[in-house]
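Here's the letter readout for the chains.
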Amino acid sequence: MSAEQQHRDGQAADPGPRSLAQALRERDDASLGALLRSRPDLLHPVPTDVTQLATRAGTRASVLRALEHLDRFALQAAEALAVAPDPASYQELLDLLAGDDGDEEVAGALPATVALLRERALVWGGEDRLRLVRTARELLAPSASHSSPTGLGPSVAEATSGMSPGRIQAILTAAGLPHTHDTVSAVAALSGLFADRERVAELLEGAPEASRKVLTRLVWGPPYGQVTAEPAAHLRWLLDRGLLLPTTPGTVVLPREAALSLRGGRAHRVPEPTRPRVAVAAERKPQVVDAAAGGQALAALDTVEELLRSWDEGGPAVLRAGGLSIRDLKRTATVLEVPEPVAAFWVELAYAAGLIASDGGYVEEHHERHDRPDADAEGYEDEETRDARTRRRSGEAEHYAPTPEYDAWRDLPPAERWAWLLEAWLPGTRAPGLIGGRDGRDRTLSALGPGLDRSPAPEVRRRVLELMAGLEPGQAPDPATLLERLRWERPLRSAGPRREQPEPPRTGVRPAYGGGVAANDPEALRTKLTEWALLEAEMLGVTGRGALATHGRALLGAEGRSEGAGAGTAPAGSARAAVVAALLAPLLPEPLDHVLLQADLTAVAPGPLVRPLAEALGVLADVESKGGATVYRFTPGSVRRALDAGRSATELHAFLDRHSRTPVPQPLTYLIDDVARRHGLLRVGAASSYVRCDDESVLDEILADRRATALRLRRLAPTVVAAQADPRTLIEGLRAMGFAPAAESAEGDVMIARPHAHRTPPRTPPAPVPDGPPAPDATLLTAAVRAVRAGDRAATAPRKETPQAPGGLPRTSPADTLATVQAAAMTGDSVWIGHVNAEGAASQRLLAPLRVEGGYVTGYDHTADEVRTYALHRITGVAELADEPDGAEPAR
């Protein structure tokens with residue numbers, strides 16, 4: 001006898017596991033750990049035993065999540081099993097996927113796919129008895145109202161379940177089959193006819209051409225059609241021979257067996273066992289890619305700094321529903337000189353990094369209070385929450401502003417500041433590209449507002465980078481093939497059946513940022529998330545000219561954020577951030593401490609400036625253009641702004657002379673001296689307001705000017721003029737007339753106008769909304785497997801017969817309970833106890849008592865795999881074991 005025949009005989013003799021629980025119980029610890037790692041929702045809470053693990057693995061929610069994380073071929077295999085006999089052999093599954101002509105790629109990929117489905121507890125049983133989990137079969141199998149995702153309908157037996165015996169016999173006769181004496185054999189004969197390819201071909205040789213066209217339209221799904229009460233002749237021909245069977249009044253279906261024969265035995269039109277290859281769109285030198293990415297990273301830092309600087313004294317108001325108004329977003333886009341969708345991205349990134357927040361603290365504080373030790377105390381309300389409530393009652397508006405973390409971020413080196421932003425971007429679930437679209441209630445989604453979290457975003461973002469990292473350095477992927485690869489890895493299952501039709505090739509994909517996505521279109525959302533990930537990576541400098549940079553690859557290679565670190569914590573808390581910053585630093589230019597002054601009243605900064613110089617120059621001059629070199633322009637208004645900030649003309653001359661690599665142009669010297677000579681000559685105070693000047697001729701000139709009419713000036717003394725306008729309006733009016741007034745205090749001193757940096761109270765950055773529970777680490781997996789094994793040994797331990805309370809708990813008197821546990825503590829035996837906790841939850845525990853005293857029993861709980869103490873008055877009863885369970889020796 002050959003080895004193959006012996007294997008077949010062994011398979012036939014061994015029926016395999018009788019249930020999913022038994023199949024899981026037969027696994028080793030490594031296999032159980034792999035299941036819990038691939039389906040982390042099964043760990044919350046940790047199952048008490050294997051039976052509970054199997055029950056949880058078969059629930060609808062868990063199975064749906066597991067199916068959504070299969071690749072396209074694994075999902076096709078599960079769909080094929082759903083329309084195969086239950087149980088099905090491996091060969092039957094292979095035939096459904098490869099068809100009558102066979103497919104070497106399918107045959108080569110199927111063993112690993114079946115092993116994957118077994119590992120994830122979606123399939124169990126031996127090679128000759130493969131069973132799909134019942135819930136998965138219910139989700140993927142056809143019903144009377146919809147077809148399978150394969151496009152197949154119900155079988156002949158299912159479609160004829162309510163048909164009269166006479167009608168079934170009439171179909172047999174029309175199909176050329178002999179009459180039978182019962183319905184069961186009639187249905188079996190009709191099923192056998194349709195399953196035979198040659199006999200179906202012979203039957204269709206005499207079919208009208210119109211009948212064949214109907215079958216051609218139905219064969220790949222959906223297999224349902226509508227007929228009238230008096231169907232046409234070509235439809236009547238199909239109905240008479242059972243090639244169309246009625247399901248509901250007016251609806252007919254092509255039986256599954258007939259459809260498979262017409263398909264050549266294939267469950268899917270196009271099996272896809274091989275993952276699509278990501279094509280290379282362009283190839284560049286890695287040094288060019290890194291240089292381009294480094295320049296873009298520097299531009300990203302400048303953009304975020306410009307945003308935060310523009311909100312430094314208080315940003316836009318918070319809408320009542322949360323978020324920025326459209327008008328404020330337009331203003332921000334104008335300041336940053338970018339389109340509105342791109343401005344929304346930078347605003348959201350700063351928010352995710354913990355650099356900006358609402359100064360009212362209502363939404364953020366709602367999340368923070370749960371982290372406080374006294375958060376559950378009755379009537380708890382911290383000072384910031386009370387302040388926010390007071391502000392709302394008084395009508396004071398909330399505004400967005402930089403957080404205290406901004407000051408810490410600003411003082412870091414550029415590479416570490418960039419790494420901080422990336423640590424917020426990569427795991428973030430907020431999707432700025434949705435801004436401007438509509439939510440499920442047809443409300444506009446606003447920047448920093450609710451409704452922007454999309455849990456697949458981090459997975460898509462990371463997977464895009466991983467696929468780019470799989471290419472050679474310098475290679476830029478083709479976006480269309482990258483998108484097709486992601487679709488293969490995560491095929492989306494919509495509410496209805498998926499039609500098995502080949503998708504037309506997509507060429508010339510040009511992603512665009514923003515625009516919104518329909519709330520009920522998950523496939524469009526995942527497509528947009530992919531395109532946005534590519535664009536965001538380019539804007540941030542993770543990629544350069546379409547290819548992944550060296551520091552971008554480091555985002556995937558090093559460990560992520562350390563435990564307990566939030567999105568706004570310093571990058572030193574992340575090993576990944578430290579590695580990325582070290583790789584990026586050489587690509588960023590060193591900050592300069594000088595500028596080049598030009599004769600046309602401009603200054604050119606040939607690179608990034610050190611912070612003190614950049615801040616001082618930003619006050620003294622206006623930014624005219626940005627890019628590789630920043631151009632500043634000196635104007636009377638900008639010089640006056642520096643003088644208002646408390647700088648004297650002498651200080652300004654010294655500042656420019658110290659930081660310019662070129663001589664200070666004479667026109668700039670004249671401009672500073674001219675503005676300084678007139679600055680403060682006029683003094684404005686509060687009466688309503690007044691103007692004071694030691695030079696009477698200047699006041700005469702003001703009073704004679706027609707532009708001063710709106711200020712309603714009146715001379716009080718030769719050197720004092722009063723106005724019926726507030727000081728700010730008066731100052732602005734005089735400056736419009738060409739003067740340079742200065743405000744003064746009540747003591748007559750010149751008031752220096754220094755910018756006031758507004759900061760929010762300490763804020764916690766928004767936490768990502770994960771797509772299900774996080775992946776468990778090795779420690780948790782080891783502990784969970786031990787607990788499941790211990791609970792299973794306890795649950796399967798035999799016990800002696802004893803009276804039982806409702807719920808199956810042992811029932812003994814208090815005296816018998818005390819005597820039994822005391823005896824077990826002396827002999828070292830284990831006993832079954834029934835226990836009811838303080839919340840009224842009942843459970844059975846396998847306990848090896850160690851000590852009984854003070855109304856409590858302490859022992860080793862085999863169910864929980866740890867030492868526990870139970871109150872005797874909460875023990876319903878005790879049952880002795882019939883035999884000691886294997887591997888459950890009592891703890892000594």
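Parameters and conventions
Residues numbered from 1 in each chain as written. Predicted model: local features only at pLDDT ≥ 70, side-chain atom pairs only at ≥ 80, totals over all residues. Heavy atoms only, no water. Pairing = 2+ DSSP bridges. Helix = DSSP H or I, 4+ residues; strand = E, 2+ residues; numbered from the N terminus. Core = buried A, V, L, I, M, F, W, Y, C linked by side-chain atoms within 4.5 Å. Buried < 20%, exposed > 50% of the residue type's maximum accessible area, 1.4 Å probe, protein only. Axes fitted to C-alpha atoms, helices over the stretch in contact; angles between N-to-C directions. Parallel < 35°, antiparallel > 145°, perpendicular 65-115°, else oblique. Contact = heavy atoms within 4.5 Å. Nonpolar A, V, L, I, M, F, W, Y, C, P; charged D, E, K, R; others polar. Polar contact = N/O pair within 3.5 Å; in protein donor to acceptor, adjacent residues only side chain to side chain. Arc of directions from axis to C-beta. Salt bridge = Lys/Arg side-chain N within 4 Å of Asp/Glu carboxyl O. Phe/Tyr/Trp six-rings, centres within 6.5 Å; stacked < 30°, edge-to-face > 60°. Lys NZ or Arg CZ within 6 Å of the ring centre and 35° of its normal. pLDDT = per-residue confidence, 0-100.

Engineer: Break down the pairing of strand 14 (residues 622-625) for me, citing the residues and quoting the values.
Structural biologist: The sheet contact formed by strand 14 and strand 15 (residues 630-633) spans 3 bridges and is antiparallel. The partner of D622 across the bridge, within strand 15, is R633. Counting the residues between successive antiparallel strands, the hairpin from strand 14 to strand 15 contains 4 residues, one of them, G627, with a positive phi of roughly 150 degrees.

Engineer: Explain the nonpolar core residue by residue, including any values.
Structural biologist: Residues L110, F194 and L243 are the most contacted members of the largest nonpolar core, which totals 92 residues. Ranked by residue count, the leading element in this core is helix 6 (residues 72-83), at 9 residues. A300, W311, Y351 and A537 belong to the second largest nonpolar core, which has 71 residues in total.

Engineer: Could you give an account of the packing of helix 12 (residues 183-195) against helix 13 (residues 197-205), with specific residues and numbers?
Structural biologist: Orientation of helix 12 relative to helix 13, taken along the N-to-C sense of each, is 90 degrees, at an axis distance of 5 Å. Between helix 12 and helix 13, the angle falls in the class roughly perpendicular. Residues G192, L193, F194 and A195 of helix 12 pack against R197, R199, V200 and L203 of helix 13. Here the residues of the contact of helix 12 with helix 13 sort into 5 nonpolar, 1 polar and 2 charged.

Engineer: Break down the side chain of S211 for me, with residues and values.
Structural biologist: Topologically, S211 is positioned in helix 14 (residues 209-218). Residue class for S211 comes out buried when judged on its relative accessible area of 1%. Side-chain polar atoms of S211 contact the backbone oxygen of H234, separated by 2.7 Å. Residue contacts for S211: discarding those within four places in its chain leaves H234, W237 and L238.

Engineer: Account for helix 30 (residues 636-644), naming residues and giving values.
Structural biologist: For helix 30, the full list of buried residues reads S638, V639, R640, A642, L643 and D644. Where the residues of helix 30 are buried, they touch helix 29 (611-620), strand 14, strand 15, helix 31 (649-659), helix 32 (666-678) and helix 34 (727-736). Of the residues flanking the end of helix 30, it is G646, one or two places downstream, whose phi is positive at about 100 degrees.

Engineer: Now, about the sheet that holds strand 3 (residues 224-226): what can you tell me, with residues and values included?
Structural biologist: The strand order across the open sheet built from 3 strands is 3-5-4, with neighbouring strands paired in antiparallel fashion. Of all the strands in the sheet, the pair left with one neighbour each is strand 3 and strand 4 (245-248). Strand-to-strand twist in this sheet, taken as the mean axis angle between neighbours without regard to direction, amounts to 40 degrees. The sheet contact formed by strand 3 and strand 5 (residues 251-253) spans 3 bridges and is antiparallel.

Engineer: Tell me what's going on with helix 4 (residues 50-57), and back it up with residues and numbers.
Structural biologist: Buried within helix 4 we find V50, L53, A54, R56 and A57. All buried residues of helix 4 lie within an arc of 165 degrees about the axis, which places them on one face of the element. If you check the start of helix 4, you find a side-chain oxygen 3.2 Å away from the backbone N of T51, and it comes from D49.

Engineer: So, the pattern of salt bridges: which residues are in play, and what are the values?
Structural biologist: Side-chain pairing between opposite charges can occur once the charged atoms of the two side chains come close. Summed over the entire model, instances satisfying the criterion amount to 36 salt bridges. Close ionic contact of E484 with R72 constitutes a salt bridge, the shortest N to O distance being 3.6 Å. Of this pair, E484 sits in helix 25 (residues 479-489) while R72 sits in helix 6, and the two are 412 residues apart along the sequence. The class for E484 is partly exposed, based on a relative accessible area of 23%. Each of R72, E272, E484 and R487 takes part in one network of salt bridges that share partners.

Engineer: Could you give an account of unusual backbone geometry, naming the residues involved and the relevant values?
Structural biologist: A cis amide bond, omega -10 degrees, links H44 with the succeeding residue P45. Among the secondary structure elements, P45 is positioned in the loop between helix 3 (29-38) and helix 4. The omega torsion of the bond from D86 to P87 falls at 0 degrees, within 30 degrees of zero and hence cis. Inspection of the secondary structure assignment puts P87 in the loop between helix 6 and helix 7 (90-98). A positive phi is found at D442, a non-glycine position, where the angle reads about 65 degrees. Despite not being glycine, R545 has its phi angle at roughly 55 degrees, a positive value. Look at R545 and you get partly exposed, because its relative accessible area is 46%.

Engineer: Can you tell me about the packing of aromatic side chains, naming the residues and giving the values?
Structural biologist: Across all of its chains, the model carries 3 aromatic pairs by this definition. One cation-aromatic arrangement involves R647 over F655; the distance from NZ or CZ to the ring centre is 5.7 Å.

Engineer: Tell me about the pairing of strand 15, and please be specific about residues and values.
Structural biologist: Direction of pairing for strand 13 (residues 602-605) relative to strand 15: antiparallel, over a ladder of 4 bridges. Bridged to T602 within strand 15 is R633.

Engineer: Report on the sheet that holds strand 25 (residues 875-880), specifying residues and quantitative values.
Structural biologist: Across the sheet, 5 strands lie side by side as 24-23-22-21-25; this open sheet has antiparallel pairing. Edge strands, defined here as strands with exactly one partner in the open sheet, are strand 24 (866-871) and strand 25. Across the sheet, the axes of successive neighbouring strands diverge by a mean angle of 45 degrees, strand direction being ignored. Looking at chain direction, strand 22 (residues 842-853) and strand 23 (residues 856-861) are connected through 6 bridges and run antiparallel. Residue pairing for strand 23: E853 is matched across the bridge by Y856. Contacting strand 21 (831-836), strand 22, strand 23 and strand 25, helix 36 (residues 814-827) crosses the sheet at an angle of about 65 degrees to strand 22.

Engineer: Account for the confidence of the model for the chain, naming residues and giving values.
Structural biologist: Scored by pLDDT, the chain has a mean of 82; 84% of the residues are at 70 or more. Below pLDDT 50 for its whole length, residues 494-511 participates in 33 contacts with residues either more than four positions away or in separate chains. Contacts of residues 884-892 to residues separated by more than four positions or lying in other chains number 21 contacts, the stretch itself having pLDDT below 50.

Engineer: So what's going on with the environment of E590? Which residues, and what values?
Structural biologist: Structurally, E590 is set in the loop between helix 28 (575-584) and strand 12 (596-597). Assessed through its relative accessible area of 64%, E590 is described here as exposed. Spatially, the C-alpha atom of E590 lies 8.7 Å from that of V610, the residues being 20 residues apart in sequence.

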